Amino acid sequence: MALYVQKFGGTSVGSVERIKAVAEKVKGFRDQGHQVVVVVSAMSGETNRLTDMAQALNDDPAPREMDMLLSTGEQVTISLLAMALQQIGVPATSHTGAQVGIHTDSAYTKARIQRIETEDLKADLDAGQVVVVAGFQGVDEDGNITTLGRGGSDTTGVALAAALGADECQIYTDVDGVYTTDPRVCSKAQRLTSITVEEMLELASLGSKVLQIRAVEFAGKYNVPLRVLSSFEDGPGTLIVAEADQDEDAMEEPLISGIAFTKNEAKLTLLNTPDVPGVASRILGPIADANIEVDMIVQNVAPAGDYTDFTFTVAKGDYKATKKLLEETVIPDLGGGELRGDDNIAKVSLVGVGMRSHAGVASKMFRVLADENVNIRMVSTSEIKISVVIDEKHMELAVNALHKAFGLDKADIESE
């Protein structure tokens, strides 16, 4: 007998018919003798519907009240799923985040889990119940309902799996696993049998929407086996593991596990800035104070005492605010300089733990892009990642060319 924590997203529980299908899937595991905890999201579209109603009443609603409102979406789903399970003969009880003992800090709309009380939950499991838990939510020390931010149900699932010592946390979604890249952009994208936590973190941070970053962090920190599966079709999915297998078969694994990309980037360049100590802080300090996150940074080398160019990227949604801040605050402080910006860029990234022990990945990437006449604007690297900024119009061309060049088109890249 194993203990599984199964998380079902909004599309998986988007209608009464789909909730019935989830109940049948859960019943199958219980009939095999397993214990099951089910974490669910709000029904697809419900969070947006509630948000729209709030903004129709108040264009700047209090975060506490938003958490109170949005937490009701999951409460509807847990009760409906418990009813569906009971209808087919499966004992089930539903619990909100507060009832199951998920304690968080008081950062409304983006709370972090501090601890989970598992005594009552374990008692229900030992009594033969399937426990249905509302994802995305918890309660702070003052008893206020809090939410974990968009995608927070993934984090709830992994956190419960860690607290319970579950054999596996299964994330059911509308895709059947983690792919080498987005199949909507590259038709030859392949499903990966397994991927490391480290690689999944990079892919999630670079634009992959399969899993929430915090959920992957939890899985890595507490060594929770995490599997991504489809709610709508059977299959092995993708297993996310702590580190790559070190057996003989692993010798043949590809250098690159996946290609991530995002159009949600904008680039700003300050030309003719003084090349003196502290100038980077004078540029980026006010941006940080405005709670704007900076991604890639490039500063050109200049002769001593000369001027240099300073380039960095921000989220596209922060582009106008950053540009205004540079024009009104930073440039006057520096005593001048010319500002150029571009919000029609994309970031394309290669990710793979194989980069650690193999040279030539970057040069091959650059050669492939050059052959496709794709100009590289910026480059950023880490041990297992290479990212380039290119014109947005070339993004799909670049992704497809790199996918083919690094052998990711092949259906046999999945290693057992």
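These numbers were taken from a predicted model, which means no experiment stands behind them. (Residues numbered from 1 in each chain as written. Predicted model: local features only at pLDDT ≥ 70, side-chain atom pairs only at ≥ 80, totals over all residues. Heavy atoms only, no water.)

**Thoughts on the overall build of the protein chain**
Along the protein chain, the regular secondary structure elements total twelve helices and 18 strands. Rg of the C-alpha trace for the protein chain: 24 Å, near the compact-globule value of 22 Å for 416 residues, within the 12% margin. Based on the C-alpha atoms only, the size of the protein chain along its principal axes is roughly 75 × 55 × 30 Å. The burial tally for the protein chain puts 50% of its 416 residues in the buried class. Considering the protein chain, the positive charge centre built from 37 side chains and the negative charge centre built from 62 side chains are found 4 Å apart. (Helix = DSSP H or I, 4+ residues; strand = E, 2+ residues; numbered from the N terminus. Rg over C-alpha atoms; globule rule 2.2 N^0.38 Å. Buried < 20%, exposed > 50% of the residue type's maximum accessible area, 1.4 Å probe, protein only. Lys, Arg positive; Asp, Glu negative; His and termini not counted. Charge placed at Lys NZ, Arg CZ, Asp CG, Glu CD.)

**Concerning unusual backbone geometry**
At asparagine 272, a residue that is not glycine, the phi angle is positive and equals roughly 60°. By the secondary structure assignment, asparagine 272 is in strand E13 (residues 258–274). A relative accessible area of 46% places asparagine 272 in the partly exposed class. One non-glycine residue, asparagine 291, lies in the positive phi region at around 60°. Relative to the helices and strands, asparagine 291 is located in the loop between helix H9 (279–289) and strand E14 (294–299). Judged by its relative accessible area of 65%, asparagine 291 falls in the exposed class.

**Let's talk about the packing of helix H6 (residues 152–164) against helix H8 (residues 213–221)**
To characterise two packed helices, one gives the angle between the axes of the helices and the distance between these axes. Relative orientation of the contacting elements H6 and H8 amounts to 10°, with a least axis distance of 7 Å. Considered as vectors, H6 and H8 are oriented roughly parallel to each other. Seen along the crossing, H6 lies across H8 with a hand that is left-handed. For the pair H6 and H8, the contacting residues are Asp154, Thr155, Val158 and Ala159 in the first and Arg214, Ala215, Phe218 and Ala219 in the second. When its residues are assigned to classes, the contact of H6 with H8 shows five nonpolar, one polar and two charged. (Axes fitted to C-alpha atoms, helices over the stretch in contact; angles between N-to-C directions. Parallel < 35°, antiparallel > 145°, perpendicular 65-115°, else oblique. Left-handed = near helix turned anticlockwise from the far one by under 90°. Contact = heavy atoms within 4.5 Å. Nonpolar A, V, L, I, M, F, W, Y, C, P; charged D, E, K, R; others polar.)

**Focus on the UniProt feature "binding site: substrate" (unreviewed entry) in the protein chain**
Those residues carrying the UniProt feature "binding site: substrate" (unreviewed entry) are Thr47 and Glu74 in this numbering. A stretch of 28 residues holds the annotated residues, and the largest C-alpha distance among them is 9.1 Å, short enough that they meet in one place. Excluding anything up to four places from it in sequence, threonine 47 contacts Ala42, Leu70 and Arg150. Residues contacting glutamate 74, with those up to four places away along its chain left out, are Val40, Ser41, Ala42, Ala134, Gly135, Phe136, Gln137 and Ser153. (UniProt positions renumbered as here; feature names shortened; annotations may be inferred.)

**Looking at the sheet that holds strand E2 (residues 35–40)**
One key point about sheets: their strands pair by backbone hydrogen bonds, in either a parallel or an antiparallel sense. If you trace the eight strands from one edge of the open sheet to the other, you get E3-E6-E2-E1-E9-E11-E12-E10, paired in mixed fashion. The open sheet terminates on both sides in strands that have one partner only, identified here as strand E3 (92–95) and strand E10 (194–196). Neighbour-to-neighbour, the strand axes of the sheet open up by a mean angle of 20°, direction not taken into account. (Pairing = 2+ DSSP bridges.)

**Some words on the confidence of the model for the protein chain**
Overall, the predicted model of the protein chain reaches an average pLDDT of 91, with 95% of residues at or above 70. Across residues 246–252, confidence stays below pLDDT 50; counting only partners more than four residues off in sequence or on other chains, it has two contacts. Contacts of residues 412–416 to residues separated by more than four positions or lying in other chains number 13 contacts, the stretch itself having pLDDT below 50. (pLDDT = per-residue confidence, 0-100.)

**Description of helix H2 (residues 46–57)**
For H2, which comprises twelve residues, the first-to-last C-alpha distance of 17 Å matches the rise-based estimate of 16 Å (1.5 Å per residue) to within 8%. Considered for burial, the residues of H2 that qualify are Glu46, Thr47, Leu50, Thr51 and Ala54. Looking down the long axis of H2, one finds its buried residues gathered within 135° of arc, a one-sided arrangement. In H2, the exposed positions angled more than 90 degrees off the buried face are occupied by Asp52 and Ala56. (Expected span 1.5 Å × (residues − 1). Arc of directions from axis to C-beta.)

**A word on the sheet that holds E14**
With antiparallel pairing, the six strands of this open sheet are ordered in space as E14-E15-E13-E16-E18-E17. The sheet is open, and its two edges are formed by E14 and strand E17 (378–382), each paired on a single side. Taken over all neighbouring pairs, the strand axes of this sheet differ in orientation by 30° on average, direction set aside. Strand direction decides the pairing type here: E13 and strand E16 (residues 338–351), joined by eleven bridges, are antiparallel. Bridged to phenylalanine 261 within E16 is valine 348.

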